[in-house]
Amino acid sequence: MAIREIVYTPDPVLRRKAHKVTVFDKETKTLIEDMIETLREAPGVGLAAPQVGISSRLIVIEYGEDEDENEDAPKKLYIVANPEFIKKSDEMVEGVEGCLSVPNLVGTVDRHEEVLIKGLNRNGQPIKIKAKGWLARIFQHEMDHLDGILYTDRANRIWQPSEGEAEAADV
Ligand code: ZN
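Residues numbered from 1 in each chain as written. Predicted model: local features only at pLDDT ≥ 70, side-chain atom pairs only at ≥ 80, totals over all residues. Heavy atoms only, no water.

## Concerning the sheet that holds strand E3 (residues 76-88)
Stage number 1. In spatial order, the strands read E1-E2-E3-E6-E7; together these 5 strands make up an open sheet with antiparallel pairing. Strand pairing shows two members of the sheet lacking a second neighbour, strand E1 (46-48) and strand E7 (126-132), which therefore form its edges. The sheet shows a mean angle of 40° between the axes of neighbouring strands, taken without regard to direction.
Stage number 2. Where strand E2 (residues 58-63) and E3 come together, 6 bridges link them in antiparallel fashion. Paired with Ile61 across the bridge in E3 is Tyr78.
Stage number 3. Against the sheet, helix H1 (residues 26-41) makes contact with E1, E2 and E3, and its axis sits at roughly 40° relative to E2, the strand it touches most.
Stage number 4. Packing against the sheet, helix H2 (residues 133-145) makes contact with E1, E2, E3, strand E6 (114-120) and E7, and its axis sits at approximately 155° to E2. (Pairing = 2+ DSSP bridges. Helix = DSSP H or I, 4+ residues; strand = E, 2+ residues; numbered from the N terminus. Axes fitted to C-alpha atoms, helices over the stretch in contact; angles between N-to-C directions. Contact = heavy atoms within 4.5 Å.)

Below you can see the structure in the form of structure tokens.
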């Protein structure tokens, strides 16, 4: 495993529509392992392949469902290739987001409270994931990366956070 370099705006790879993952070979598995290591090192709660300069529809998320209430909640690792929304709740919620590729800024973004996602796991097998609250937000943020969209495009307000506030959610 290796830590990959995170790319920052205005790198054009962050603005490209990423390609579907079609093979799950050694190269794909190495990329997944590297993305997990890079995410943990950052540290962040989510990472999309374009954020390490690879224009592939691949995301990794590591987040404890109850993390906002309990810091020691067990974290769960999600690896999804070619993720797509099957359902999005009508209910929208506003929350503060940051992005590993957009340093030193945070912003408030409206996201769907609950989403149902389908995609492929690291072996290319179909999976479905139901996410709500923060986890749903992280999925929406990461899936935007695959279409070249940054949270700053959607934000109601963007500002430079004071110390500590930056830890809100780097994804
Ligand atoms: Zn991001």
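## Notes on the packing of aromatic side chains
Stage number 1. By the definition in use, this model includes 1 aromatic pair.
Stage number 2. Ring centres of Tyr78 and Phe139 lie 5.6 Å apart, and the angle between their planes is 75°; on these two criteria the pair is classed as edge-to-face. Of the two residues, Tyr78 is situated in strand E3 and Phe139 in helix H2; the sequence distance between them amounts to 61 residues. For the pair Tyr78 and Phe139, one class covers both residues: buried.
Stage number 3. Cation over ring: Arg157 sits above Trp159, and NZ or CZ is 4.3 Å from the ring centre. (Phe/Tyr/Trp six-rings, centres within 6.5 Å; stacked < 30°, edge-to-face > 60°. Buried < 20%, exposed > 50% of the residue type's maximum accessible area, 1.4 Å probe, protein only. Lys NZ or Arg CZ within 6 Å of the ring centre and 35° of its normal.)

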